[in-house]
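# Structural description and commentary
The chain contents come next:
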Amino acid sequence: MSKLLPLYKKYPITLQRGEGVYLYDTAGEEYLDFSSGIAVCALGYNHPQFNAALKAQVDKILHTSNLYANEQSERAASNLARACGLKKIFFTNSGTESTETAMKIARKYALNKGIKGGHFIAFEHSFHGRTLGALSLTANYQKPFKPLMAGVKFAKFNDFESVERLVSEKTCAVVLESVQGEGGVKPAKPEFYRALRRLCDERDILLIADEIQCGMGRTGKFFAYEHSEVLPDVITAAKALGCGVPVGAVAVSDRVAENSLLAGEHGSTYGGNPLACAAVNAVFEIYAQEGILARVSEVGAYFERCLDDLVREFEFCEARSGLALMQGLRLSPQIPARAVIEKCQKKHLLLLSCGDNELRFLPPLIITKAHVDVLGRTLREVLGSFA
Ligand SMILES: *Cc1c(COP(=O)(O)O)cnc(C)c1O
């Protein structure tokens, strides 16, 4: 019997190693991976240059604390600032810790304008993390943990009027996933995003973009808000930022940096440690060398056509939604997503679910059209067996 607390409904596969876009279990069976450890392993598995960068750092220094400067975190901050257009970076160890940091930044920014205990506007079907602050902004999973943080209201995603109705003098931030993930894959509409940007500008409210799942190139842009031509005030990142090494980050504009947290008001023992930041730097280097963003756009368009074909073919495939290599396929209630996923596993294809009976596809960003073809064939067979 496993000594792990059984908080996950685990599948009956023990994964042991990976190579490119393939995973291998303890019996040596090979799986095509369309899940990337939940949007983490963007460069696939056992990438030689990535591994070499980590090994080199292991032999130099693993950890220093944030009381001393280190070259890796300075360089990682420059890399991330260049990629997102916001100038100041704080490193964390996970997505939820990035959300917590963004919330404290928003509270402090509001306090500097005389607003104590600023309120947040989040969205239905949102996911921002599991710790109590982030959970307060997360639409699901709250019930056993109430009372959570006061002053959080949930608007309807892609419905600007529902936001206008909730905004008040006490609102300190609007927080959204640029593409919703866990609650069902749904991109923010550009006109909606731009309307939020205008509202936040008019009222001096922070616009916080959660790019933890949709960021780092998954949608064909470094960050998914770029599709809407807006620049948020605060960005949260994690997941693919370290491609398997646990690391998160918060990026803020100069204006926010100068008007929010002061030295001593926030911190993290591990946050941005040299090993994590060596991973971040290797990720940025490899993305550039391998032209990852252009590849994602090209393969992503091909993948969208593949899924659209399935929606046309199978009546119980209700709709596809997503951008490039972040896609959801909603199934009608009589075909449970988990049953489809389990059948795909038997055919050596790994998928995820999300939302209300939706298949979710988050492949490594290095997949090719040939891998998409394999997915299309396998999924057609599996869906056909339910028809
Ligand atoms: C995964 C995720 C988080 C939480 O990240 P953890 O590293 O699991 O804490 C937050 N927001 C979004 C959009 C996510 O997908």
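Going by the structure above, here's the rest.
Residues numbered from 1 in each chain as written. Predicted model: local features only at pLDDT ≥ 70, side-chain atom pairs only at ≥ 80, totals over all residues. Heavy atoms only, no water.

With that settled, the discussion passes to the layout of surface pockets. Approximately 410 Å³ is the volume found for the second largest pocket. In terms of lining, the second largest pocket is formed by 14 residues, of which the most central are Lys88, Ile89, Phe90, Ile105 and Leu261. (1 Å grid on protein atoms, 1.4 Å probe; cavity = no way out; pocket = protein on both sides within 12 Å on 5 of 7 lines; lining within 4 Å. Points joined across faces, edges and corners; volume = space filled by probe spheres on them.)

Further remarks concern unusual backbone geometry. Backbone phi values are negative for most residues with the exception of glycine, while trans is the configuration of most peptide bonds. For the peptide bond that leads from Lys146 to Pro147, omega is 5°, which places it in the cis range. With respect to the helices, strands and loops of the structure, Pro147 is situated in the loop between α5 (132–136) and β6 (152–155). The phi dihedral of Met216 falls on the positive side, at around 55°, and the residue is not glycine. Position of Met216 relative to the elements: it lies in the loop between β10 (206–210) and β11 (234–237). According to the relative accessible area criterion, Met216 is buried, its value standing at 1%. (Helix = DSSP H or I, 4+ residues; strand = E, 2+ residues; numbered from the N terminus. Buried < 20%, exposed > 50% of the residue type's maximum accessible area, 1.4 Å probe, protein only.)

The local shell around the ligand consists of Ser94, Gly95, Thr96, Phe127, His128, Gly129, Glu177, Asp210, Ile212, Gln213 and Lys239. Taking Thr96, its main chain carries an N or O atom lying 2.7 Å from an oxygen atom of the ligand. Take Lys239: an N or O atom from its side chain is 2.6 Å from an oxygen atom of the ligand. Taking 380 Å² as the accessible area of the ligand by itself, protein coverage stands at 82%. Among the residues forming the shell around the ligand, the class breakdown is two nonpolar, six polar and three charged. (Near = heavy atom within 4 Å. Polar contact = N/O pair within 3.5 Å; in protein donor to acceptor, adjacent residues only side chain to side chain. Areas by Shrake-Rupley, 256 points an atom, 1.4 Å probe, with all protein chains shown as cover. Nonpolar A, V, L, I, M, F, W, Y, C, P; charged D, E, K, R; others polar.)

Moving on to the environment of Phe127. Mapped onto the fold, Phe127 is located in the loop between β5 (119–123) and α5. By relative accessible area, Phe127 is classed as buried at 16%. A C-alpha to C-alpha distance of 9.2 Å links Phe127 and Tyr141, two positions 14 residues apart in sequence. Apart from the residues lying within four places of it in its own chain, the contact partners of Phe127 are Thr138, Tyr141, Glu177, Glu182 and Asp210. (Contact = heavy atoms within 4.5 Å.)

So, on to the packing of helix α3 (residues 71–84) against helix α9 (residues 274–290). Remark: α3 packs on α9, axes separated minimally by 8 Å, with the N-to-C direction vectors making an angle of 40°. Of the possible angle classes, the one that applies to α3 and α9 is oblique. Of the two possible hands of crossing, α3 and α9 adopt the one that is left-handed. Between α3 and α9, the residues in contact are Gln72, Ser73, Arg75, Ala76, Asn79, Leu80 and Ala83 and Pro274, Cys277, Ala278, Val280, Asn281, Phe284 and Glu285, respectively. Considered class by class, the residues forming the contact of α3 with α9 number eight nonpolar, four polar and two charged. (Axes fitted to C-alpha atoms, helices over the stretch in contact; angles between N-to-C directions. Parallel < 35°, antiparallel > 145°, perpendicular 65-115°, else oblique. Left-handed = near helix turned anticlockwise from the far one by under 90°.)

Bringing the packing of aromatic side chains into the picture now. Evaluation of the coordinates by the stated rule reveals 11 aromatic pairs. Ring centres 5.7 Å apart and planes at 15° place the aromatic pair Phe222 and Tyr287 in the stacked group. With Phe222 in the loop between β10 and β11 and Tyr287 in helix α9, the pair connects residues that are 65 residues apart, well separated along the chain. Neither residue differs from the other here; Phe222 and Tyr287 are each classed as buried. Note that Arg130 overlies the ring of Tyr141, its terminal NZ or CZ placed 4.1 Å from the centroid. In this structure, Lys343 packs its charged tip against the face of Phe386, placed 4.7 Å from the ring centre. (Phe/Tyr/Trp six-rings, centres within 6.5 Å; stacked < 30°, edge-to-face > 60°. Lys NZ or Arg CZ within 6 Å of the ring centre and 35° of its normal.)

Quick look at a nonpolar patch on the surface now. A surface patch of nonpolar side chains, about 440 Å² in accessible area, is lined by Leu5, Leu7 and Tyr8. By the element assignment, Leu5 lies in the segment before β1 (15–19). Judged by its relative accessible area of 68%, Leu5 is exposed. (Patch = residues over 30% accessible without salt bridge, like charges linked within 9 Å, V, L, I, M, F, W, Y side chains within 5 Å. Salt bridge = Lys/Arg side-chain N within 4 Å of Asp/Glu carboxyl O.)

A few words on the sheet that holds strand β3 (residues 30–33). Hydrogen bonds between backbone atoms are what pair the strands of a sheet, whose relative direction is either parallel or antiparallel. The strand order across the open sheet built from four strands is β1-β2-β3-β15, with neighbouring strands paired in mixed fashion. Taken across any chain shown, the strands that pair with only one partner, and hence form the sheet edges, are β1 and β15 (349–350). Both strand β2 (residues 22–25) and β3 contribute to a ladder of three bridges, which runs antiparallel. Bridge pairing links Leu23 to Tyr31 in β3. Across the sheet, helix α12 (residues 369–386) lies against β2, β3 and β15, angled at about 105° from β3, the strand it touches most. (Pairing = 2+ DSSP bridges.)

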